[in-house]
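This is what each chain is made of:
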Amino acid sequence: DTEVTQTPKHLVMGMTNKKSLKCEQHMGHRAMYWYKQKAKKPPELMFVYSYEKLSINESVPSRFSPECPNSSLLNLHLHALQPEDSALYLCASSQLFRPWGDYEQYFGPGTRLTVT
Amino acid sequence: GQQVMQIPQYQHVQEGEDFTTYCNSSTTLSNIQWYKQRPGGHPVFLIQLVKSGEVKKQKRLTFQFGEAKKNSSLHITATQTTDVGTYFCAAQTGTASKLTFGTGTRLQVTL
């Protein structure tokens, strides 16, 4: 099974709401990632978890809070978002994480988030 | 931060024509990956290049890593409508401890 699943597929939330995005993989990968992608732009890395520990936080605002409950699951908790946070949020996993990025990443289908 | 630039940004070809996208970095890259993202889809890994001057082929796709490991190219022979999408290179650049995606080349193929 080489699939990364994400829920929900679409999410519309107000600026005062609290919501969570979920990501799951059953490939035994020990690295998981959150990316943000705006239309016609490349994915931008937000967070990297390696062995369930946060390894990289790309100076992401605290209104985004990641969580890795176990090696298969990755959550992104959202609170007090701004309209400019509307984007496609992609989860990815790889066998391991190394800073020079030599493990292929498997991406989930993404959650399309709209903040109103 | 450091960017990996791709050219062209967009290319529109007739089916059967060839297509090439180029990825350029100002610094030496330890390795480079290529991904394809279909419209409305998510990035899918295509290949990784590691060695200087490396050339790899996947059916109609040919990937090349420059001798100086500062650039890479993806060439598609005889494009088909199934090749439509955005092609991204991705590499660890400079001192960043992560993979950075290039700016992407969007390919449109018409009959």
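Rules used in this analysis
Residues numbered from 1 in each chain as written. Chains lettered and ligands numbered in written order. Predicted model: local features only at pLDDT ≥ 70, side-chain atom pairs only at ≥ 80, totals over all residues. Heavy atoms only, no water. Disulfide = S-S within 2.5 Å. Helix = DSSP H or I, 4+ residues; strand = E, 2+ residues; numbered from the N terminus. Buried < 20%, exposed > 50% of the residue type's maximum accessible area, 1.4 Å probe, protein only. Contact = heavy atoms within 4.5 Å. Buried area = accessible area lost by both parts, 1.4 Å probe. Salt bridge = Lys/Arg side-chain N within 4 Å of Asp/Glu carboxyl O. Polar contact = N/O pair within 3.5 Å; in protein donor to acceptor, adjacent residues only side chain to side chain. Nonpolar A, V, L, I, M, F, W, Y, C, P; charged D, E, K, R; others polar.

Some words on the state of the cysteines
Note: disulfide means a covalent bond formed between the sulfur atoms of two cysteine side chains. Residue and element names in this part refer to chain A. Tallying each qualifying case throughout the model produces 2 disulfides over all chains. Disulfide partner of Cys-23: Cys-91, at an S-S distance of 1.8 Å. The sign of the -70 degrees torsion about the S-S bond sets the Cys-23-Cys-91 disulfide as left-handed. With Cys-23 in strand 3 (residues 18–25) and Cys-91 in strand 9 (residues 87–94), this residue pair connects regions lying 68 residues apart in the sequence. Residue class for Cys-23 comes out buried when judged on its relative accessible area of 1%. A residue is classified by how much of its surface remains accessible, and Cys-91, at 0% relative accessible area, is buried.

Focus on the interface of chain B and chain A
Between chain B and chain A, the residue contacts involve 20 residues of the former and 22 residues of the latter. Note on chain B versus chain A: buried area summed over both sides is about 1,600 Å², and carbon and sulfur give 57% of it. When the area that chain B buries against chain A is broken down by residue, the three leading residues are His-42, Lys-98 and Phe-101 of chain B, summing to 30%. A salt bridge links Glu-58 of chain A to Lys-98 of chain B; the nearest nitrogen and oxygen atoms lie 2.8 Å apart. If you look at where chain B meets chain A, you find 7 residue pairs in polar contact (both at pLDDT 80 or more). Of all the secondary structure elements, the ones that give two or more residues to the side of chain B that touches chain A are strand 4 (32–37) and strand 5 (43–49) of chain B. Along the lines of polarity and charge, the residues of the side of chain B that touches chain A split into 7 nonpolar, 11 polar and 2 charged.

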